[in-house]
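Architecture and fold: a report
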2 protein chains.
Amino acid sequence: MEMTPRKEKILAAVVESYIRTGEPVGSKTLMGELDFQVSSATIRNEMADLVEMGYLEQPHTSAGRVPTTLGYRYYIDKLMNKLEVNKDESESIAKSVSSGRGDPEQLLEKAGEVIARLTNCAAITTLPTGEQACVRRAEFVPVSNRTAMIVLLTSAGTLKSKACRGDMPITQQTVERFYAVCAAHFIGKPLEEIGTVMLQTLVASLGEFALEMSPYFVALADLAGEALKSDVLLEGQANLFNHRELSGSVADIMELLRKGEPVSKLLSGGEKDGLNVKIGTENEYKQLSNSSVIVSRYNVNGARSGALGIIGPTRLNYAKLIPYMQFISGVVGKILSETLETLED
Amino acid sequence: MEMTPRKEKILAAVVESYIRTGEPVGSKTLMGELDFQVSSATIRNEMADLVEMGYLEQPHTSAGRVPTTLGYRYYIDKLMNKLEVNKDESESIAKSVSSGRGDPEQLLEKAGEVIARLTNCAAITTLPTGEQACVRRAEFVPVSNRTAMIVLLTSAGTLKSKACRGDMPITQQTVERFYAVCAAHFIGKPLEEIGTVMLQTLVASLGEFALEMSPYFVALADLAGEALKSDVLLEGQANLFNHRELSGSVADIMELLRKGEPVSKLLSGGEKDGLNVKIGTENEYKQLSNSSVIVSRYNVNGARSGALGIIGPTRLNYAKLIPYMQFISGVVGKILSETLETLED
DNA sequence: TTTAGCACTCGTTAGCTATGAGTGCTAACT
DNA sequence: AGTTAGCACTCATAGCTAACGAGTGCTAAA
């Protein structure tokens, strides 16, 4: 059985109608939605073929047809006409998102909000990953006799700080030693290389100052660790309730999202144009077998760095939402790149 | 109609049985759960009275009785025997919570997790409010030619930082001016008083340096604003799904929680022992009319400062959970007080 | 005041039927 | 050979009825 142009048109019409209404679509309904005239019987024959080919299925014998994962896949890869984001909208989106400009976390949170509102789905975003990032700067700010704030700035623009209590009073020498060790061992070093091993050899080499200084470097290493793990932000989870076909699995999905770790994995795959669409059972988590995930990565200064995603029912309006996601990830990437340049200068 | 000891025993038994099973309780069931022997008919008569008095109700004519809001209230205020938190448990709780020691946000997040796990409810926590807090310290850390990090430490121990780009190159004078102005206008000042008005007069008084310096003070004021608003943390929202009687309203409750603002209000009322229990329709949000809220405030250095709360179905195990919440808020308060002392020193 | 007895209420469940949307198949048509 | 009209068939859904049973309120006796 091979695909014909007419079958393709029928498949596309079924997918689009089902996405629109959520109801299985029957042959008569379809008659009115095709740009050529054939009888319902003909459509029925074609649809039976499409079922056999694996693109459609019937919830039960006497119901209309619903796209399968394979059907959506074929539609998205070969049939779909992406809807351009119109100008008014793109401007208003860009404006909303850029109101979070400044702090990466705030920006991604804002982007997540915008996406959630726009798509009526749950939004997931990851902060710019610091994998290739290194320590740009470290600061030691004495706060009291024995307490200091340690501040870390990475080359990716991430800013982390932490209060840290030492075991001995802080003197001018303490500060000087801190900066000296930083300059020698931390500045310019990739975050990945700052681990317990590196820390131990460092502390060992401090000799008589180990006791005095080590708490601060432990704190600094902690900060590096925090900066390294690309945090996951969630927005609009409640939107999942709006989709009836998900009603049974909302709890499971939320539970999955809650433990952020696997989520970043969710966002990490996929290549073409930094876009990744996973439909229903294509997802590796079975909690998502009734859901689709659209992920678009964003680039900061040309390097892939984080991603924006949505989770919704399989019957997403792909033609509209994929361009949205691409547009927004573009905006986010641009803003982050600009922010970074500001730091360089 | 007046309350009698026997009616009280019956009411308590109904409440406890309903909390345990979730099923309306009938007169025969009750016979086996009372510490005195009377026939089901007698119990029926008494229960009919309790219905008339407003403490019980029937879902429908031929069903057992269920406590009303009033019934729960009477039970909690007069009948309930609080269950002590046993020692093993209290130790393990204290240990889990204190693993978040250090950063207030982390601590409250941890406490929320513990509460959510322990109670199988959604947990809400607020960070220590900074209402009476003032600026303890401000730091200016040059990062690049035109960018600096502004770091704010409050007397409540909150640490906030922000990257900030000025319009002119940063020189040694810039730094000196920053600290001079801070010492004169910010250090020791209550956060509440740092607003746009204060900022405007300040900028005006900067004279020729206004252009150079104002971005940094704007950032500092921003940080003060952030430190002031007592953030709300949510944990274990997914637990709401575990309670069948909430199934219809989970989405509404989550939506309510999402917009953190009214939630802090939720936590703010109530007095006795810093404890506040709101049952069903006692809640001012109608989304919560099927839910109960238990809130316990914590004190930092003797002053009330934030709160921990849970949201669950009305049939909560109050006798167990109220002591839990009081215990945990005590632990949190103690840890925060200790942390603060560390900073003083 | 308590209790046994009994008629009554009403939610729940199971079984039955009618309905209708939608199908597959066959035979006639182009 | 592809297309179409016609028709019997399938099956989820809604509505109806009857049986069931948990639990009640009330009455009359203890």
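Keep in mind that this is a model prediction, so the values were computed, not measured.

1. Some points on the pairing of strand β3 (residues 122–126) of chain B
Residue and element names in this part refer to chain B. Summarising burial for β3: 5 of the 5 residues are buried, a large majority. Judged by which residues are buried, β3 turns out to be covered on both faces: A122, I124 and T126 on one side and A123 and T125 on the other are all buried. As defined by bridge partners, β3 adjoins strand β10 (residues 303–313) across 4 bridges and the pair is classed as antiparallel. Paired with T125 across the two strands is L308, which belongs to β10. Of the strand pairs in this sheet, β3 and strand β7 (residues 232–235) are connected by 4 bridges, and their pairing is antiparallel. Counterpart to I124 in the pairing with β7 is L234.

2. Topic: the protein's contact with DNA strand D
Around DNA strand D, a shell composed of 20 residues is seen, among which R6, S39, T42 and S62 of chain A together with S27 of chain B lie nearest. Between a base nitrogen of DNA strand D and a side-chain N or O atom of R44 of chain B, the distance comes to 3.2 Å. Among the secondary structure elements, those contributing two or more residues to the surface near DNA strand D are α3 (40–52) of chain A together with α3 (40–52) of chain B. Ranked by residues supplied to the surface near DNA strand D, first place goes to α3 of chain A with 4 residues. Split by residue class, the surface near DNA strand D holds 4 nonpolar, 12 polar and 4 charged.

3. Here's the deal with the sheet that holds β3 of chain B
Hydrogen bonding along the main chain pairs the strands of a sheet, whether they run parallel or antiparallel. All names here are of chain B. Sheet architecture is open: 5 strands sit in the order β7-β3-β10-β9-β8, paired in antiparallel fashion. Where the open sheet ends on each side, the last strands, each with one partner, are β7 and β8 (275–279). Ignoring strand direction, the axes of neighbouring strands in this sheet form an average angle of 15°. The pairing of β8 with strand β9 (residues 291–300) spans 5 bridges and is antiparallel.

4. Quick word on the nonpolar core
Within the largest apolar cluster, 60 residues are counted, with the highest numbers of intra-cluster contacts made by V97, L108, I294, Y318, I328 and V332 of chain A. In terms of residue count, the dominant contributor to this core is helix α12 (residues 318–344) of chain A (12 residues). Core analysis: the second largest hydrophobic core is formed by 59 residues, V14, L50, Y74 and L308 of chain B among them.

5. What to know about the relation of the copies chain A and chain B
With an RMSD of 0.1 Å, the operation that places chain A on chain B is a rotation of 180° combined with a shift of 0.1 Å along the axis. Between the two chains, the operation in question is that of a two-fold axis. Using C-alpha coordinates, one finds that chain A approaches the rotation axis most closely at S161 of chain A, a distance of 3.7 Å.

6. Some points on the protein's contact with DNA strand C
Around DNA strand C sit 20 residues, and of these S27 and R65 of chain A together with T42, T61 and S62 of chain B come closest. Sugar and phosphate atoms represent 76% of those atoms of DNA strand C found within 4 Å of the protein. In the model, a base nitrogen of DNA strand C is placed 3.2 Å from a nitrogen or oxygen of the R44 of chain A side chain. One of the backbone nitrogen or oxygen atoms of S62 of chain A is found 3.4 Å away from a sugar or linking oxygen of DNA strand C. Take the surface near DNA strand C: its biggest share by element is 4 residues, from α3 of chain B. Broken down by class, the residue content of the surface near DNA strand C amounts to 4 nonpolar, 12 polar and 4 charged.

7. Section: unusual backbone geometry
One non-glycine residue, N120 of chain A, lies in positive phi territory at about 60°. Secondary-structure assignment places N120 of chain A in the loop between α6 (104–119) and β3 (122–126). Phi angles above zero are rare outside glycine, and N301 of chain B is one such case at about 50°. Here N301 of chain B lies in the loop between β9 and β10. Judged by relative accessible area, N301 of chain B falls into the partly exposed class, the value being 46%.

Calculation rules
- Residues numbered from 1 in each chain as written.
- Chains lettered and ligands numbered in written order.
- Predicted model: local features only at pLDDT ≥ 70, side-chain atom pairs only at ≥ 80, totals over all residues.
- Heavy atoms only, no water.
- Buried < 20%, exposed > 50% of the residue type's maximum accessible area, 1.4 Å probe, protein only.
- Helix = DSSP H or I, 4+ residues; strand = E, 2+ residues; numbered from the N terminus.
- Pairing = 2+ DSSP bridges.
- Near = heavy atom within 4 Å.
- Polar contact = N/O pair within 3.5 Å; in protein donor to acceptor, adjacent residues only side chain to side chain.
- Nonpolar A, V, L, I, M, F, W, Y, C, P; charged D, E, K, R; others polar.
- Axes fitted to C-alpha atoms, helices over the stretch in contact; angles between N-to-C directions.
- Core = buried A, V, L, I, M, F, W, Y, C linked by side-chain atoms within 4.5 Å.
- Least-squares fit on C-alpha atoms with pLDDT ≥ 70 in both.

That is the geometry; function is a separate question.
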